[in-house]
Amino acid sequence: MKISKPMKGALRRSLDPAVWVEYKQSKSNSSIYTKLHRIQVDDQQFDISFPSVLYPHPLPEKIIKRNGIKPFFELCAVITHLHDVMIFKYFKLLMQEMNLKVDRPIITGLMSLMFTAQTTAHDYHKYYEEDIKMLKESVEESIEKILVTQSTKILMCYFHLSPIKIHLSFSLEGNSTANEDYLFEWFISTIGIHFTDISDAVIKLAFYERKNVFLSQDILVTDVSKHYALQAIKQFYVLVLGLDALGNPYGLITEFGKGFKDLFYEPYLGSVGGPREFGAGLASGIKSLLGHTIGGTAGAAALITEQLGQVVAALSFDSEYKRKRRREMREDPSGLAAGLATGGKQFVMGLVFGVSGLVTKPYQGAKKRGLEGFFKGIGRGLIGLFIKPTGGVIDLVTSSLDGVRRFAEQGGEDITVRLRLPRLTHPHEPVTIYCSEKAFGYSILRALITAKNQIAGDFKDHQVIPTHPNIVFIFTTKCIVQASQSKFFSEWNVEWKTSYDSLQRTDACGNVVTFTQKGSDDGGAIEEAIEHSVNTGDPDNAQSLHEKAWNCLNEYNLLSPSPSDNRIVIDPDDVDLTTYVVV
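Note that the coordinates shown come from a computational prediction; the quantities given were computed from them, not determined experimentally. (Residues numbered from 1 in each chain as written. Predicted model: local features only at pLDDT ≥ 70, side-chain atom pairs only at ≥ 80, totals over all residues. Heavy atoms only, no water.)

Engineer: Explain the overall build of the chain to me, and be specific about the residues and the numbers.
Structural biologist: For the chain, the helix and strand inventory stands at 13 helices and 23 strands. Residue pairs in contact within the chain that sit at least 24 positions apart in sequence constitute 63% of those at least 6 positions apart. Accessible surface, the chain as shown: approximately 35000 Å² in total, 61% of it carbon and sulfur. (Helix = DSSP H or I, 4+ residues; strand = E, 2+ residues; numbered from the N terminus. Contact = heavy atoms within 4.5 Å. Areas by Shrake-Rupley, 256 points an atom, 1.4 Å probe, with all protein chains shown as cover.)

This is the structure:
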């Protein structure tokens, strides 16, 4: 690559391409060389423990400065064919360190995807006929069929699969359906699962290599599977010693080992260059020792207090509090200041939920189960008054210790976040091109749907108010919702909502849009209509909001006709959209 203006010279690309492939072919050989520089797999579900499932583990800065950034996946192969035999003259696959984070929702999703197919009576009859047909075949026919279906023969002159190093995190936390009336079932599904959580357990699988071996494709796949399965079994002790409930002692010892290794290795490398480099290496080694020692100790303590905080949150019997706490604690602090800020928010949230629960819990219980629910709500409110502030104190300690660990990591690990919000998908519609605006609106709708706020219908559209970015209108197939985001907790709340059946009128006058909601008929007395107004700051924004509401309402009338209502559907080209009335 060259540059011609404003000056002439060579132009060098500073970033590597995402995927690089080179393929060559001659009369006798074929070769392929491919690189995948970075990959990140994000979970497309909401309210999960790990938004990112798979991504490369960040390399230390000293390795990057010395050797540069290495591709995550690298494959080189030279292949030739001789009759029906495939010959691997050279095959080598290299993979860098990776982070693998798995929780309950993704496990259940994969299991439902793999085991949804059920064997029917028709399938059993088909299999029975195939078995009878095989019994009637002669020996010669059976041998001929086996030879035809036999897998390809492979001659491996050099076949190498690199070692695999995985930083595994595992959690069974998720939406629990345990019945609170059964103590043992509730204990296992809420408190017991936290004793199996694993954070950043390092799994090392040795390389697989074969030279001058002749075997079939099926045997090769079986051999590779057995090799890595045996390696995983040998690493079982890492999982046991990596439990968060124990503080991940294996990881703590590993951090200490890295610190002492750098203390001796960095000065040794510096001594090769001279006295000045030796002093710089000694300083770097001491800094690494202090960083790994302090960071490892703070990280181990943070894991223990985090598990204790989860157990305390489970004892609160408040699903809404647990959901908000889990969302706040999911974000890793970038340093000490961020850790203290997150811990302070958790402490305040524990106090607010604990005090407000004295009023809200009895009211919610009486609304659901009458007098029995009222007294249960009083009990839950009193428990939450002590449990939730205690959990807030524990979360404050956890976030502070986690911030100390990040600060001691000398610039530390890269905090990986979702590259984009989960895609908007409808159950009975094909997958469409990704749209960031629809994904943003859909994420707000999912954040609004809680045990207290049940919003009917599927997502259709949304509108952000430019003058008030924390106010968003959500349009579903059955209702309109005005949502607002709180500044302190950054959570979305429902200001008001109305179904299309209850919507009487929408007006757009200048910058203001007014939604008029029908009055309810309670005991023969018809209440007055309720008006909800919003200043959009611009007539174009007001018209856009009004048109979106009109289109959703019109589509609802077309799809849900009712003979008892005198709904009218009007062509927007024939009327002024500033006023639309449902009679």
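Engineer: Can you tell me about the layout of surface pockets, naming the residues and giving the values?
Structural biologist: Volume-wise, the second largest pocket comes out at about 520 Å³. Forming the walls of the second largest pocket are 25 residues, and the residues nearest its centre are Leu424, His426, Glu429, Phe459 and Lys460. Among the elements that take part in the lining of the second largest pocket, helix α13 (residues 539–559) stands out by supplying 4 residues, more than any other. The class makeup of the residues in the lining of the second largest pocket is 11 nonpolar, 7 polar and 7 charged. (1 Å grid on protein atoms, 1.4 Å probe; cavity = no way out; pocket = protein on both sides within 12 Å on 5 of 7 lines; lining within 4 Å. Points joined across faces, edges and corners; volume = space filled by probe spheres on them. Nonpolar A, V, L, I, M, F, W, Y, C, P; charged D, E, K, R; others polar.)

Engineer: I'd like to hear about the sheet that holds strand β4 (residues 30–36), residue by residue, with values.
Structural biologist: Within a beta sheet, neighbouring strands are joined by backbone hydrogen bonds and run either parallel or antiparallel to one another. Pairing is mixed in the open sheet, where 6 strands are placed in the order β3-β4-β7-β8-β10-β13. Each edge of the open sheet is held by one strand with a lone partner, namely β3 (19–25) and β13 (208–216). In this sheet, adjacent strand axes meet at a mean angle of 10° when their direction is disregarded. For β3 and β4, the ladder comprises 7 bridges, and the chain directions are antiparallel. For Val21, the partnering residue across the bridge sits in β4 and is Thr34. (Pairing = 2+ DSSP bridges. Axes fitted to C-alpha atoms, helices over the stretch in contact; angles between N-to-C directions.)

Engineer: Help me get a handle on the sheet that holds strand β5 (residues 41–42), residues and values and all.
Structural biologist: Pairing is mixed in the open sheet, where 5 strands are placed in the order β5-β6-β9-β11-β12. At either end of the open sheet lies a strand with only one pairing partner, and these are β5 and β12 (198–205). Examined bridge by bridge, strand β9 (residues 98–103) and strand β11 (residues 164–171) share 6 bridges and lie parallel to one another. Its bridge partner lying in β11, Lys101 is registered against Ser169.

Engineer: Provide a residue-level description of the packing of helix α8 (residues 249–273) against helix α9 (residues 275–314), including the pertinent values.
Structural biologist: For the pair α8 and α9, interaxial distance at closest approach is 7 Å and the crossing angle is 175°. With respect to α9, the axis of α8 lies roughly antiparallel. (Parallel < 35°, antiparallel > 145°, perpendicular 65-115°, else oblique.)

Engineer: Help me get a handle on the nonpolar core, residues and values and all.
Structural biologist: Counting 25 residues, the largest nonpolar core has Phe91, Met156, Phe159, Leu161, Tyr208, Leu220 and Tyr228 as the members making the most contacts within it. Elements supplying a minimum of two residues to this core: β7 (73–82), β8 (85–95), β10 (153–161), β11, β12, β13 and α6 (217–234). Non-local contacts of Phe159, meaning those with residues more than four positions away in its chain, are made with Phe91, Tyr208, Glu209, Arg210 and Leu220. Listed in part, the 18 residues of the second largest apolar core include Phe473, Phe475, Val513 and Ala549. (Core = buried A, V, L, I, M, F, W, Y, C linked by side-chain atoms within 4.5 Å. Buried < 20%, exposed > 50% of the residue type's maximum accessible area, 1.4 Å probe, protein only.)

Engineer: Got a sec to walk through the packing of aromatic side chains? Specific residues and values, please.
Structural biologist: Working definition: an aromatic ring pair is given by the centre-to-centre distance plus the angle between the planes. Counting across every chain of the model gives 14 aromatic pairs. Ring centres of Phe88 and Phe91 lie 5.3 Å apart, and the angle between their planes is 80°; on these two criteria the pair is classed as edge-to-face. Accessibility assignment for this pair places Phe88 and Phe91 in one class, buried. With 5.6 Å between their ring centres and 50° between their planes, Trp496 and Phe515 make a pair best called tilted. In this pair, Trp496 is assigned in strand β17 (residues 492–499) and Phe515 in strand β19 (residues 512–517), connecting sequence segments 19 residues apart. Phe515 shares its class with Trp496; the two are buried. Ring pairs connect the aromatic residues Phe88, Phe91, Phe159 and Tyr208, which therefore count as one cluster. Stacked on the ring of Trp20, the Lys or Arg Lys35 has its end atom at 5.4 Å from the ring centre. The ring of Tyr434 is capped by Arg420, whose NZ or CZ atom sits 3.9 Å from the centre of that ring. (Phe/Tyr/Trp six-rings, centres within 6.5 Å; stacked < 30°, edge-to-face > 60°. Lys NZ or Arg CZ within 6 Å of the ring centre and 35° of its normal.)

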